[in-house]
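What the coordinates show
This is what each chain is made of:
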Amino acid sequence: MPRVLLIEDDPSVREGVVLGLRRRGHELRAVGSGEAGLAALGEFRPDLVLLDLMLPAMNGVQVCRRIRGTSQLPIIMLTARGDDFDVVVGLEAGADDYIVKPARTEVIEARIRAVLRRLAEPAGRGGTEIHGELAVDRAGLSVVKAGQPVPLAPSELRLLLHLSASPEQVFSRQQLLEYVWEHSYHGDARLVDACVRRLRQKVEDAAGSPRYIQTVRGFGYRFGPLG
């Protein structure tokens, strides 16, 4: 079962999540601050982090950025308000998904499994594809640009694999939510837009003039043309 690090300052929420996930067999470490969470990363070596957005002192966005500075460990943000502007900031800081509190244990576990499944499973055919300076290895789940490895979070990698598998095909935000995030309902397009922005910062020469991940206004995104 996945090892989960929970960083949540509310004792009641922390206890509920720990009890629910442990009943399902997960190994958990739960801490109440961002500083304690960062300290626990190396010792506990989790497979995934559940990270509260509104932590005291060092908030969830700051913690997320610190983790992303050294690791592509999957991160799911926990927030009390789904329409909060900070949700977008959290996603742009590198979170792979978010859950609005309070959430049932089965919902949390389903999101955990979905994120880890995206990380483990290749998308589409195997082999390495060359797109200009970008080399996409589907079997090895790695990306290289101009000879340099590009570290991608699970959602960023899955999005790139899906788009690049069908160059020129336009995908709506809802289609990408269903495939990349496995959100079968009418999900939150902010997940897609924030992930695209992060991906462009890593694979494009100039994020404001994308060569690979292009916007189709009023509909969604496509891969190429390379120009």
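Here we summarise the structure given alongside this text. What you see is a predicted model, and the numbers here were worked out from it, not measured in a lab. (Residues numbered from 1 in each chain as written. Predicted model: local features only at pLDDT ≥ 70, side-chain atom pairs only at ≥ 80, totals over all residues. Heavy atoms only, no water.)

Moving on, we get to the pairing of strand S3 (residues 48-52). Here S3 lies mainly inside the structure; five of its five residues are buried. Alternating residues of S3 divide into Leu48, Leu50 and Asp52 and Val49 and Leu51, and every residue in both groups is buried. Both strand S1 (residues 3-7) and S3 contribute to a ladder of four bridges, which runs parallel. Each bridged residue has a counterpart across the sheet, and for Val4 the counterpart in S3 is Leu48. Of the pairings in the sheet, the one linking S3 to strand S4 (residues 75-79) comprises four bridges and is parallel in character. Along S4, the bridge assignment pairs Val49 with Ile75. For the crossover that starts at S3, traverses helix H3 (residues 60-68) and ends in the parallel S4, the hand is right-handed. (Buried < 20%, exposed > 50% of the residue type's maximum accessible area, 1.4 Å probe, protein only. Helix = DSSP H or I, 4+ residues; strand = E, 2+ residues; numbered from the N terminus. Pairing = 2+ DSSP bridges. Right-handed = clockwise from strand over helix to strand, strands pointing away.)

Note on placement: Lys101 falls in the loop between strand S5 (97-100) and helix H5 (105-120). Engagement of the side chain of Lys101 in a polar contact is seen with the side chain of Asp52, the distance being 3.0 Å. (Polar contact = N/O pair within 3.5 Å; in protein donor to acceptor, adjacent residues only side chain to side chain.)

Now for the sheet that holds strand S8 (residues 142-145). An order of S6-S7-S8-S9 is seen for the four strands of this open sheet, with the pairing classed as antiparallel. Edge positions in the open sheet fall to strand S6 (128-131) and strand S9 (148-149), since each of these has one partner strand only. Two strands pair when backbone bridges link them, and S6 and strand S7 (residues 134-137) are joined in this way by four bridges, in the antiparallel orientation. Looking across to S7, one finds that Glu129 is bridged to Val136. Contacts from helix H6 (residues 154-164) reach S6, S7 and S8, with the element oriented near 100° to S7. (Contact = heavy atoms within 4.5 Å. Axes fitted to C-alpha atoms, helices over the stretch in contact; angles between N-to-C directions.)

Here H6 crosses helix H8 (residues 189-203) at 85°, and the two axes come no closer than 10 Å. By the criterion of interaxial angle, the relationship of H6 to H8 is roughly perpendicular. Along its contact with H6, which presents Ser155, Glu156, Leu159 and Leu160, the element H8 presents Cys195, Val196, Arg198, Leu199 and Lys202. For the contact of H6 with H8, the class distribution of residues is five nonpolar, one polar and three charged. (Parallel < 35°, antiparallel > 145°, perpendicular 65-115°, else oblique. Nonpolar A, V, L, I, M, F, W, Y, C, P; charged D, E, K, R; others polar.)

The next thing to look at is the environment of Leu176. Residue placement: Leu176 occurs in helix H7 (residues 173-181). Through-space distance from the C-alpha of Leu176 to that of Tyr221 is 9.0 Å; in sequence the pair is 45 residues apart. Not counting chain neighbours up to four residues away, the residues in contact with Leu176 comprise Leu159, His162, Leu163, Phe171, Trp181, Val192 and Tyr221.

Residues Val49, Leu51 and Leu160 are the most contacted members of the largest nonpolar core, which totals 51 residues. Here this core gets seven residues from one element, more than from any other, and that element is H8. Beyond its immediate sequence surroundings of up to four residues, Val49 is in contact with Leu5, Ile7, Leu41, Ile67, Leu73, Pro74, Ile75 and Ile76. Counting 15 residues, the second-largest nonpolar core is a separate cluster that includes Leu6, Leu48, Ile99 and Ile108. (Core = buried A, V, L, I, M, F, W, Y, C linked by side-chain atoms within 4.5 Å.)

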